[in-house]
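Examining the three-dimensional arrangement
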Amino acid sequence: MTSLILSRGRHVAVIGLGAAGLVAARELCREGHTVVGFEREKHVGGLWMYTDRVELDSLSVDPDRTVVHSSVYESLRTNLPRECMGFSDFPFVTRSGDGDPRRYPDHREVLMYLQDFAKEFKIDEMVRFETEVLCVEPTEKDSRRWRVQFKSSSGVSGEETFDAVVVCNGHYTEPRIAHIPGIDSWPGKQFHSHNYRIPDQFKDQVVIVIGGQASGNDISSDIASMAKEVHISAKGVTSESYSGYNNLRLHPPIYRAREDGSVVFKNGKVVFADAIVHCTGYKYHFPFLKTNGYVTVEDNRVGPLYKHVFPPALAPGISFIGLPFMGLQFFMFEIQSKWVASVLSGQAKLPSEDKMMEEAIAFYAKLEDLGIPKRYTHFLTDPQGNPMLGNFKPEDKVVISQSDYFNWIAEQCGCASIEPWRERLYSVAIKKVFFGGDCYRDRWDADQLIEEVYREFAKLK
Ligand code: FAD
């Protein structure tokens, strides 16, 4: 299938118009493809479109529930400086007017940036809004072409055939829940962070927040402004105190929950709590994708995939943008999109299906040797300075460092890789997320680096 000679200009469906889909649509158009974007919401921007609506099922475990896409909470500000978040030729700088000028702006500012991007590159014109993709499957006549079935919010169904489908549906909507022995008879209320917006409902309560990553920390301090006590339960906790708050305590993982409302932590400490908020991440979910088993999701590994993008047996007709998490997300969406666009036009070549499969299998074997669980398959960041990877050593030749990954893709499609300034800015910023304390967003001291970044932005004009 991959030896198929492709010429420029394919008919391509892009599913989802968040940051990934927007830049995918632009890159595909730039490469001469015709694009139809499918977006089930009324707007572009994906999860950055804040809504105060939450799902009725506060843990989002009911498969038949009405899904609310966004997981953004009211107080959310970016966890990276805006300068390193933007696309390569469309810097995320302060806009004139009513925006948020801060280095770590709020979610509205990110949405406005994405809307500006869509306007600049006329993306809206190629999008069918309020149209949900229900099914993507190979056509009967030709397994290299893809039938996309969709339904609009007004109930109109349709289908259309495409040469390729680029999947950009996001992966922060389907919650992962912590397994807690005894939870079924625990009388308190449980939530997943997907359904968290504001702290008001926790007024004067005792709340346990599970998860010590970015959103766990943000949500804990948000809730601490209203709650009586907040107890964060996370792996690797060494001390109980949390600087800056006297109603916030740190604990190891939960051992069990009991009928009397108490929760026991692994160090034997007991807390009587009113609510548990699971900030335990999300699952990849592609309910519309029918690939006859060529792509599966197992313990949060989407596979087999060649370099997180192409399923060997279905390439280049199916591709995924944005699966790797952490790291420089928007830049990654952009460079992956350039690769997909140039493979579809025949400008870049993929290896044979067998070779791609061999590479994927070798990558998975390497992760296993390193003791990295399957669910971290798509974890992409610079290993140094990131405590989540534990003993992982950067000298191991696994494509897991984001810079190596970007450089590799850039070579495949002859595009520019990550700019040195962006790499350095990210490296400063990621340390702040993990080690910069609660107010890291408002303490910025790398001014010289920022000056250099703005000199680079000036050259783009
Ligand atoms: P989304 O933004 O989720 O977009 C997916 C789109 O697909 C949506 O518009 C959805 O409606 C649509 N869709 C889904 N299914 C269908 C279907 N069947 N048919 C039609 N349309 C469909 N990254 C950063 O760089 N900086 C940050 O500070 C940052 N903060 C974050 C905070 C939170 C709480 C979360 C959850 C993530 C954060 N991220 C951050 C990471 C995030 O990955 C991105 O910034 C990014 O915007 C995600 O873009 P996306 O296009 O992959 O997905």
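In this text, all values refer to a predicted model and were calculated from it rather than measured experimentally.

Regarding the side chain of serine 220
Here serine 220 shows up in helix α4 (residues 214-224). On the accessibility criterion, serine 220 (0% relative accessible area) is buried. Of note is the side chain of serine 220, whose polar atom sits 2.6 Å from the backbone oxygen of glycine 216. Contact partners of serine 220, with chain neighbours within four places excluded, come to Val209, Val230, Ile232 and Leu248.

Concerning unusual backbone geometry
Glycine aside, residues mostly have negative phi angles, and peptide bonds mostly take the trans form. Cis geometry is adopted by the peptide bond preceding proline 304, which originates at glycine 303 and carries an omega value of -5°. Within the secondary structure layout, proline 304 lies in the loop between β19 (301-303) and β20 (318-320). Going from alanine 315 to proline 316, the amide bond is cis rather than trans, its omega being 0°. Position of proline 316 among the secondary structure elements: in the loop between β19 and β20. Phi is positive for glutamate 130, which is not a glycine, with a value near 50°. With respect to the secondary-structure elements, glutamate 130 resides in the loop between β3 (127-128) and β4 (131-138).

Examining the nonpolar core
A general trend in soluble globular proteins is that nonpolar side chains are found buried together. Among the nonpolar cores identified, the biggest contains 94 residues, and Ile223, Phe330 and Trp339 are the most heavily contacted of them. Broken down by element, this core gets its largest block of residues, ten residues, from helix α5 (residues 329-345). Once residues within four sequence positions are removed from consideration, phenylalanine 330 is found in contact with Ala19, Trp48, Met85, Phe87, Val110, Tyr113 and Leu114.

Digging into the site of the ligand
Lining the immediate environment of the ligand, one finds 30 residues, of which Glu39, Leu47, Trp48, His69 and Asn79 sit closest. One nitrogen or oxygen atom from the main chain of alanine 20 is found 3.0 Å from an oxygen atom belonging to the ligand. In the environment of the ligand, an oxygen atom lies 2.6 Å from a nitrogen or oxygen atom belonging to the side chain of glutamate 39.

Comments concerning the sheet that holds strand β16 (residues 275-278)
Taken together, five strands build an open sheet; the order of strands is β9-β16-β10-β11-β12 and the sheet is parallel. Every interior strand has two partners, whereas the edge strands, β9 (189-192) and β12 (248-251), have only one. Adjacent strand axes in the sheet meet at a mean angle of 20° when their direction is disregarded. On top of the sheet, α4 reaches β10 (206-210), β11 (229-233), β12 and β16; it is set at about 165° to β11, its chief contact.

Concerning the confidence of the model for the protein chain
Across the protein chain, the average pLDDT comes to 92, with 94% of residues at 70 or higher. Between residues 394-399, whose pLDDT stays under 50, and residues either more than four places distant or in other chains, the model counts 14 contacts.

What to know about the environment of tryptophan 146
Mapped onto the fold, tryptophan 146 is located in strand β5 (residues 146-152). Linking tryptophan 146 and alanine 20, residues 126 residues apart in sequence, is a C-alpha distance of 20 Å.

Rules used in this analysis
- Residues numbered from 1 in each chain as written.
- Predicted model: local features only at pLDDT ≥ 70, side-chain atom pairs only at ≥ 80, totals over all residues.
- Heavy atoms only, no water.
- Helix = DSSP H or I, 4+ residues; strand = E, 2+ residues; numbered from the N terminus.
- Buried < 20%, exposed > 50% of the residue type's maximum accessible area, 1.4 Å probe, protein only.
- Polar contact = N/O pair within 3.5 Å; in protein donor to acceptor, adjacent residues only side chain to side chain.
- Contact = heavy atoms within 4.5 Å.
- Core = buried A, V, L, I, M, F, W, Y, C linked by side-chain atoms within 4.5 Å.
- Near = heavy atom within 4 Å.
- Pairing = 2+ DSSP bridges.
- Axes fitted to C-alpha atoms, helices over the stretch in contact; angles between N-to-C directions.
- pLDDT = per-residue confidence, 0-100.

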